[in-house]
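Coordinates in review
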Amino acid sequence: EALNQLSVWGVAADGIDVAINVSARNLSDPAFAERLLRILGDSRVDPHRLTVEITETALLVDPDAARDSLQAMHEAGIAVSIDDFGQGQTSLAYLASLPIDELKIDRAFVARVCTDPMHDAIVRSVIQLGHGLGLRVVAEGIEDEPTIERLTDLGADVGQGYFIARPMQAGAFGAWRSERERAGLRVG
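Residues numbered from 1 in each chain as written. Predicted model: local features only at pLDDT ≥ 70, side-chain atom pairs only at ≥ 80, totals over all residues. Heavy atoms only, no water.

Some details on the packing of aromatic side chains
This is how the line gets drawn: Any two of the Phe, Tyr and Trp rings considered here, Trp counted by its six-membered ring, make a pair once their centres fall within 6.5 Å; the pair's planes then place it as stacked at under 30 degrees, edge-to-face at over 60, or tilted in between. Here a strand is any run of E in DSSP of at least two residues, a helix any run of H or I of at least four, and the numbering for each starts at the N terminus. Here, a charge over a ring is recorded when the distance from Lys NZ or Arg CZ to the ring centre is within 6 Å and its angle to the ring normal is within 35 degrees.
All told, the structure shown has one aromatic pair when counted by the stated rule. Between Phe173 and Trp176, the aromatic rings sit 5.8 Å apart at their centres with planes inclined by 35°, giving tilted as the arrangement. Linking Phe173 with Trp176, this pair stays in helix α10 (residues 170-182), spanning three residues, or about one helical turn. The positively charged end of Arg166 is found above the aromatic ring belonging to Tyr162, 4.1 Å away from the centroid.

Thoughts on the packing of helix α8 (residues 117-132) against helix α9 (residues 145-154)
Filter applied, for reference: For every element, the axis is a line fit to its C-alpha atoms; helices are fit only across the contacting stretch, and the angle between N-to-C directions ranges from 0 to 180 degrees. Should an angle lie under 35 degrees it is considered roughly parallel, over 145 roughly antiparallel, and from 65 to 115 roughly perpendicular; all remaining angles are considered oblique. Take the far helix as the reference: if the near one is turned anticlockwise from it by less than a right angle, the crossing is left-handed, and if turned clockwise, right-handed. Residues count as neighbours in contact if any of their non-hydrogen atoms are within 4.5 Å of one another. Put simply, Ala, Val, Leu, Ile, Met, Phe, Trp, Tyr, Cys and Pro go in the nonpolar bin, Asp, Glu, Lys and Arg in the charged bin, and everything else, Gly too, in the polar bin.
Interaxial distance between α8 and α9 falls to 10 Å at its minimum, and their mutual angle equals 45°. Classed by the angle they form, the pair α8 and α9 counts as oblique. Our pair here, α8 against α9, has a crossing hand that is right-handed. Residues Asp120, Val123, Arg124 and Ile127 of α8 form the contact with α9, whose participating residues are Arg150, Leu151 and Leu154. By residue class, the composition of the contact of α8 with α9 is four nonpolar, no polar and three charged.

Thoughts on the layout of surface pockets
Cut-off, in case you're wondering: A 1.4 Å probe that fits but cannot get out identifies a cavity on a 1 Å grid over protein atoms alone, an open set with protein on both sides within 12 Å along at least five of seven lines counts as a pocket, and a residue lines either if it has an atom within 4 Å of a point. Grid points are joined across faces, edges and corners, and a volume is the space filled by probe spheres set on the points.
Of the volumes computed, that of the largest pocket is approximately 1,800 Å³. In terms of lining residues, the largest pocket is bounded by 46 residues, among which Asp17, Val158, Gly159, Gln160 and Ile164 are the most central. Of all the secondary-structure elements, those providing two or more residues to the lining of the largest pocket are α1 (2-9), β1 (18-21), β2 (50-55), β4 (102-105), β5 (136-139), α9, β6 (158-159) and α10.

With respect to the nonpolar core
As a rule of thumb, soluble globular proteins bury nonpolar side chains together. Put simply, the rule is: We define the nonpolar core as a collection of buried residues of types Ala, Val, Leu, Ile, Met, Phe, Trp, Tyr and Cys that are connected through side-chain atoms lying within 4.5 Å of one another. Per-residue accessibility, obtained with a 1.4 Å probe over protein chains only, is compared with the maximum for each type, and a residue is labelled buried under 20%, exposed over 50%, and partly exposed between these values.
Within the largest apolar cluster, 45 residues are counted, with the highest numbers of intra-cluster contacts made by Leu27, Leu59 and Met73. Considering each element in turn, this core owes the most residues, four residues, to helix α3 (residues 32-43). Residues in contact with Met73, not counting those within four places in the same chain, are Leu27, Phe32, Ala33, Leu36, Val52 and Ile78.

As for a negative patch on the surface
The condition that has to hold: A patch consists of residues whose relative accessible area exceeds 30% and which take part in no salt bridge; residues with like charges are grouped when within 9 Å of each other, and nonpolar side chains (Val, Leu, Ile, Met, Phe, Trp, Tyr) when within 5 Å. Values of accessible area rely on a 1.4 Å probe in the Shrake-Rupley scheme; residue burial ignores everything except the protein chains shown. Take a side-chain nitrogen of Lys or Arg and a carboxyl oxygen of Asp or Glu: if they are within 4 Å of each other, that pair is a salt bridge. Asp and Glu are treated as the negative residues and Lys and Arg as the positive ones, with His and the ends of the chain left uncounted. For charged residues, the charge sits on one atom: NZ in Lys, CZ in Arg, CG in Asp, CD in Glu.
Negative charge collects at one region of the surface, where Glu143, Asp144, Glu145, Glu149 and Asp153 lie side by side. For Asp153, the location among the structural elements is in helix α9. For Asp153, a relative accessible area of 62% puts it in the exposed group.

Remarks on the sheet that holds β4
Applicable threshold: Note: two strands are recorded as paired if DSSP finds a minimum of 2 bridges between them.
Judged by pairing direction, the sheet is parallel, and its six strands sit side by side in the order β1-β2-β3-β4-β5-β6 without closing on themselves. A single partner strand is all that each edge strand has here, and the edge strands are β1 and β6. Where β1 lies against β2, four bridges are found, and the strand directions are parallel. Bridging across to β2, Asn21 finds its partner in Glu53.

Side note on the environment of Gly132
Considering the arrangement of structural elements, one finds Gly132 in helix α8. For Gly132, a relative accessible area of 64% translates into the label exposed. For the pair Gly132 and Val45, spaced 87 residues apart in the sequence, the C-alpha separation amounts to 30 Å.

Shown next as structure tokens:
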């Protein structure tokens, strides 16, 4: 669906990437990466425009199979993101050994970054860790302006949440994007 939508948008989606959630079951399936790459090829979408999001817990179900799948996707140019980072039990050594491009800080920490010094310290540390590993860091669950301002100050690369946009139908995205760009805001 995501790749088909990018194809439908065509040039209008220039600069826009899509992310898909991948389950533990998918990651442990040795044929999953091959199927995804075939679908990607059929869609004629540049692999660099696709990100697969996996949770820390999905990595732990079958670590060897997960690493193999992620490596195949990464080598093909697909970005790999660890979703809800901070909620699982991934060791830092395991994290450093994975072919990943992005960490998404779980909304549980982001939501209280302005009101709880411990959450602020955690978010700041995850951003520093991610950047130290050469990763893009996404803050999930941004619900208000003070939160986005604090995350900007802390150096988060990308924000996601209802303050930025609520979920919308694909057909409404073009108008929303145009409106944001006319206001001088970066989308994508």
